[in-house]
Number of protein chains: 2
Amino acid sequence: MTTQASLTIGRIAQSAGVAIDTIRFYEREGLLPAPRRRPSGYREYDQATVSRLRFIRRAKDLGFTLDEIRELLALSADRHVGVEGVRERAAARLLAIDERIAELQRVRDGLSELVDACPGHGAPEDCPILKALAEPNT
Amino acid sequence: MTTQASLTIGRIAQSAGVAIDTIRFYEREGLLPAPRRRPSGYREYDQATVSRLRFIRRAKDLGFTLDEIRELLALSADRHVGVEGVRERAAARLLAIDERIAELQRVRDGLSELVDACPGHGAPEDCPILKALAEPNT
DNA sequence: CTAGACCCTTGATCTAGGTCTAGAGTCAAG
DNA sequence: CTTGACTCTAGACCTAGATCAAGGGTCTAG
């Protein structure tokens, strides 16, 4: 198989593209297992940890929280119901993103109307943006 | 003009739909001017403060940060360049929202592909979601 | 007058996801 | 053997936007 050269925390931080402190933080948070230690106390990692860190980073980019990622990691190790669970979580995340996009779209449209209606000069009382923000309704 | 009945902090909190603590917080943060006080130390507000609180809430709903809102409030009081500034800030916010939507859309599409490609059962090694997350590239 | 609702201040706490500091020990190259 | 880079721990600190607690004073209806 692949060589099991032991890597220091600095090395895996470098190759996974995360900060050293972040790795120790993930360990505390249960996203990474406690690694072997040298007699000096130095942590020793292998290549698999780099993959795991990349997994975490990518999932984070997809908008998963660390809690959700912890769950995904547990599921991904489960040969039985793991895949179903992962797909479910991903689908849920997808739905949440769709909702967030729709919400932003509403905000965008509202703001866009105001910007279009504002001449950009004149008295504050005539600015539709200021008027809309000061309106008592809602 | 309108009656200048003096309102307690609880009353304006109620009618603006924010918490009492939030009002004091906004005062500390410079979003609200320090109000008059009764001899007892109680804050006394007028109707204009309710409008200002609503302004803040609406701007927040549009995604402005409190820093930006502080700026908007300052601009809205400026008869000279105020309206131009407000329109600029609103346009900038609109652009930021557009970027955020585009970014979410990219994430959404990527995730959607993975979910569609995943059968939802079988071995973890065959799950495209897990495979994509573990991939070393990027 | 009293009970209960309301208000005051200062300062701590919360979420999420880290980031930084201090002080001490370890490792590898020259 | 020394020097400089690296690592260790415990715990404080950061952003943003509040929210809460403790301990005490005030207001008002009955």
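Refer to the structure presented above.
Every residue gets a number counted from 1 within its own chain, in the order that chain's sequence is written. Here chains are named by letter from A upward and ligands by number from 1 upward, in the order in which they appear as written. With pLDDT at 70 or above as the cut-off, local features in this predicted model cover only qualifying residues; side-chain atom pairs require 80 or more to be listed or tallied, and sums for whole chains, interfaces and linings still use all residues. Note that the side-chain values use all heavy atoms of the structure and ignore hydrogens as well as water.

Enquirer: Would you mind showing me how to read the relation of the copies chain A and chain B here?
Expert: The pair of chain copies shares a relation made of a rotation about an axis and a shift along it. What sets the superposition is a least-squares fit of C-alpha atoms, and only residues with pLDDT of at least 70 in both copies go into it. The two copies are related by a screw motion: chain A maps onto chain B through a turn of 180 degrees and a shift of 0.0 Å along the axis, at an RMSD of 0.1 Å. Here the transformation between the copies is reduced to the relation of a two-fold axis. For chain A, the smallest separation between a C-alpha atom and the rotation axis is recorded for Ile101(A), amounting to 3.0 Å. When you check the interface residues of chain A against chain B, 100% turn up at the interface there too, and the contact is symmetric in its surfaces. Any two residues whose heavy atoms approach within 4.5 Å are treated as being in contact.

Enquirer: Is there a simple way to explain the protein's contact with DNA strand D in this structure?
Expert: Note on terminology: near, applied to a residue and a molecule or strand, indicates that one of the residue's heavy atoms is within 4 Å of it. In the vicinity of DNA strand D there are 20 residues, among which Arg24(A), Arg43(A), Asp21(B), Tyr26(B) and Tyr42(B) approach most closely. Sugar and phosphate atoms form 74% of the subset of DNA strand D atoms that lie within 4 Å of the protein. Take Arg24(A): an N or O atom from its side chain is 2.5 Å from a phosphate oxygen of DNA strand D. We define a polar contact as two N or O atoms separated by no more than 3.5 Å, with the added condition that, inside protein, one atom must be a possible hydrogen donor and the other a possible acceptor, whereas residues neighbouring each other in sequence contribute only through side-chain atom pairs. At 3.5 Å, a backbone N or O of Leu66(B) approaches a phosphate oxygen of DNA strand D. Think of it this way: any DSSP run of H or I at least four residues long counts as a helix, any run of E at least two long counts as a strand, and we number them from the N terminus. At the level of elements, helix H1 (9-16) and helix H2 (20-28) of chain A together with helix H2 (20-28) of chain B are the ones that each hand at least two residues to the surface near DNA strand D. Per element, the largest residue contribution to the surface near DNA strand D is five residues, and it comes from H2(B). Polarity classes work like this: nonpolar for Ala, Val, Leu, Ile, Met, Phe, Trp, Tyr, Cys and Pro, charged for Asp, Glu, Lys and Arg, and polar for all others, with Gly in that last group. Here the surface near DNA strand D is built from residues that sort into seven nonpolar, six polar and seven charged.

Enquirer: Please explain the state of the cysteines as it appears in this structure.
Expert: Linking two cysteines covalently via their sulfur atoms produces the bond known as a disulfide. Residue and element names in this part refer to chain B. Pairs of cysteine sulfur atoms within 2.5 Å are identified as disulfides in what follows. Taken as a whole and assessed by the stated rule, the structure comprises zero disulfides over all chains. Left unpaired, Cys118 is separated from the closest cysteine sulfur, that of Cys127, by 3.7 Å. Per-residue accessibility, obtained with a 1.4 Å probe over protein chains only, is compared with the maximum for each type, and a residue is labelled buried under 20%, exposed over 50%, and partly exposed between these values. On the basis of relative accessibility, which here comes to 3%, the residue Cys118 falls in the buried class.

Enquirer: Quick question: what am I supposed to make of the protein's contact with DNA strand C here?
Expert: Every one of the 21 residues lining DNA strand C counts as a neighbour, but Asp21(A), Tyr26(A), Tyr42(A), Arg24(B) and Arg43(B) are closest to it. For DNA strand C, the backbone makes up 75% of the atoms found within 4 Å of the protein, where backbone means sugar plus phosphate. The separation between a phosphate oxygen of DNA strand C and a polar side-chain atom of Arg37(B) is 3.0 Å. Within the residue set of the surface near DNA strand C, elements represented by two or more residues are H2 of chain A together with helix H1 (9-16) and H2 of chain B. With five residues, H2(A) is the single largest residue contributor to the surface near DNA strand C.

Enquirer: What's the story with the interface of chain A and chain B in this structure? I'm lost.
Expert: A common way to state how big an interface is: give the accessible area lost once the parts meet. Listed by partner, the interface residues are 47 residues for chain A and 47 residues for chain B. Buried area: the accessible area, evaluated with a 1.4 Å probe, that two parts lose upon being put together, summed over both parts. On the chain A side of the interface with chain B, the three residues burying the most area are Arg58(A), Val83(A) and Leu133(A), jointly 16% of the side's total. In what follows, salt bridge is the name for a side-chain nitrogen of Lys or Arg lying within 4 Å of a carboxyl oxygen of Asp or Glu. Along the contact surface separating chain A from chain B lie two salt bridges. Salt-bridge contacts for Asp98(A) lead to Arg108(B); the nearest nitrogen and oxygen are separated by 2.7 Å. The tally of links from chain A across to chain B stands at eight residue pairs in polar contact (both at pLDDT 80 or more). Only helix H3 (47-61), helix H5 (82-117) and helix H6 (128-134) of chain A provide two or more residues apiece to the side of chain A that touches chain B.

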